[in-house]
Amino acid sequence: CTRLGEEGHTVRFHDLYAEKFDPVLSFVELRRRFSFDEVVQRHYKDLEEANGLILIHPEWWSQPPAMLKGWVDRVLIPGIGYEFEGEEFMVKSKVALLADKKALVLATTDAQPTAAREPLLSSLWKETLGYCGISEVQFRMLYSVREIEPSDRREWIDASAEQAVSLFA
């Protein structure tokens, strides 16, 4: 956030846990295709106004945490992330609504690097965000997070900040 701010970007930071974001997509909200929850509404607004998205999360069982999955379910909805257009009762085509945005996903894991680990999580994000039109999705993973030296963590954070600055230049 600091590094992007130094480059003149306005950064809106969200901590889903601190915001008490409810990750559960209720049946009523699913059927309505919209949330009246003030926290979710703030996320809609921030996403619509943003030029890009940075997601930071730990890897849990080769996936993002359920809280973040719930954010995807409740925020990247029709009308915000994508829409279907076409005549009533006819085949409709998907229109991606976030095509003007870029994304950077930063993930941490206790696991050791393996050939399959990063592509699995990276592909999940590229597919999910790509469905909404975000075609440039960059990914960076920090491995062995509990075992590495603080200097290695700092180096990863600094490299991630520079990658964000470069992506959103």
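Conventions and cut-offs
Residues numbered from 1 in each chain as written. Predicted model: local features only at pLDDT ≥ 70, side-chain atom pairs only at ≥ 80, totals over all residues. Heavy atoms only, no water. Core = buried A, V, L, I, M, F, W, Y, C linked by side-chain atoms within 4.5 Å. Buried < 20%, exposed > 50% of the residue type's maximum accessible area, 1.4 Å probe, protein only. Helix = DSSP H or I, 4+ residues; strand = E, 2+ residues; numbered from the N terminus. Contact = heavy atoms within 4.5 Å. Pairing = 2+ DSSP bridges. Axes fitted to C-alpha atoms, helices over the stretch in contact; angles between N-to-C directions. pLDDT = per-residue confidence, 0-100. Salt bridge = Lys/Arg side-chain N within 4 Å of Asp/Glu carboxyl O. Patch = residues over 30% accessible without salt bridge, like charges linked within 9 Å, V, L, I, M, F, W, Y side chains within 5 Å. Areas by Shrake-Rupley, 256 points an atom, 1.4 Å probe, with all protein chains shown as cover.

Some points on the nonpolar core
Considering soluble globular proteins, one finds that nonpolar side chains tend to be buried as a cluster. Ranked by size, the top nonpolar core spans 30 residues in total, and within it Phe-21, Leu-55, Trp-71, Leu-76, Trp-125 and Leu-129 carry the most contacts. At the level of elements, helix H3 (38–49), strand E1 (52–58), helix H4 (66–75), strand E4 (102–108), helix H5 (117–131) and strand E5 (136–142) are the ones that each hand at least two residues to this core. When residues in this core are grouped by element, the largest group, 5 residues, is from H4. When neighbours within four sequence positions are excluded, Phe-21 is seen to be in contact with Leu-16, Val-39, Val-40, His-43, Met-67, Gly-70, Trp-71, Arg-74 and Val-75. Leu-4, Leu-104, Trp-156 and Phe-168 belong to the second-largest nonpolar core, a separate cluster that totals 11 residues.

As for the sheet that holds E5
Ordered in space as E1-E4-E5, the 3 strands form an open sheet in which the pairing is parallel. With partners counted over all chains shown, the strands left at the sheet margins are E1 and E5, one partner each. When the angles between neighbouring strand axes are averaged without regard to direction, this sheet yields 15°.

Looking at the confidence of the model for the chain
Residues shown with low pLDDT carry predicted positions that ought not to be read at fine detail. Averaged over every residue, the pLDDT of the chain is 93; residues scoring 70 or more account for 98%. Of all the helices and strands in the chain, H5 carries the lowest mean pLDDT, 88, while H4 carries the highest, 97.

Considerations on the pattern of salt bridges
Pairs can form between side chains of opposite charge once their charged atoms are near each other. Throughout the structure, instances matching the rule amount to 13 salt bridges. The partner of Arg-33 in a salt bridge is Glu-83, with the nearest N and O atoms 3.0 Å apart. Remark: Glu-83 occurs in strand E2 (residues 82–85) and Arg-33 occurs in the loop between helix H2 (27–32) and H3; sequence separation between them is 50 residues. With a shortest N-O distance of 2.5 Å, Asp-73 and Lys-69 are connected by a salt bridge. With Asp-73 and Lys-69 both in helix H4 and 4 residues apart, the pair spans about one turn of that helix. Residue Asp-73 is classed as partly exposed on the basis of its relative accessible area, which comes to 29%. Relative accessible area serves as the criterion here: at 44%, Lys-69 is assigned to the partly exposed category. Members of the salt-bridge network, linked through shared partners, are Arg-3, Glu-6, Glu-7 and Glu-162.

Considerations on H4
Burial within H4 is extensive, with 7 of its 10 residues counted as buried. Looking at H4, one finds that the buried residues are Met-67, Leu-68, Gly-70, Trp-71, Val-72, Arg-74 and Val-75.

Considerations on the environment of Leu-4
Relative to the helices and strands, Leu-4 is located in helix H1 (residues 2–6). Judged by relative accessible area, which is 8%, Leu-4 ranks as buried. Each C-alpha atom of the pair Leu-4 and Ala-96 lies 26 Å from the other, and the pair is 92 residues apart in sequence. Among residues more than four places away in sequence, those in contact with Leu-4 are His-9, Val-11, Ile-54, Ala-164, Val-165 and Phe-168.

Thoughts on a nonpolar patch on the surface
A contiguous nonpolar patch, built from Tyr-17, Trp-60 and Trp-61 and spanning about 490 Å² of accessible area, is present on the exposed surface. Judged by relative accessible area, which is 80%, Trp-61 ranks as exposed.

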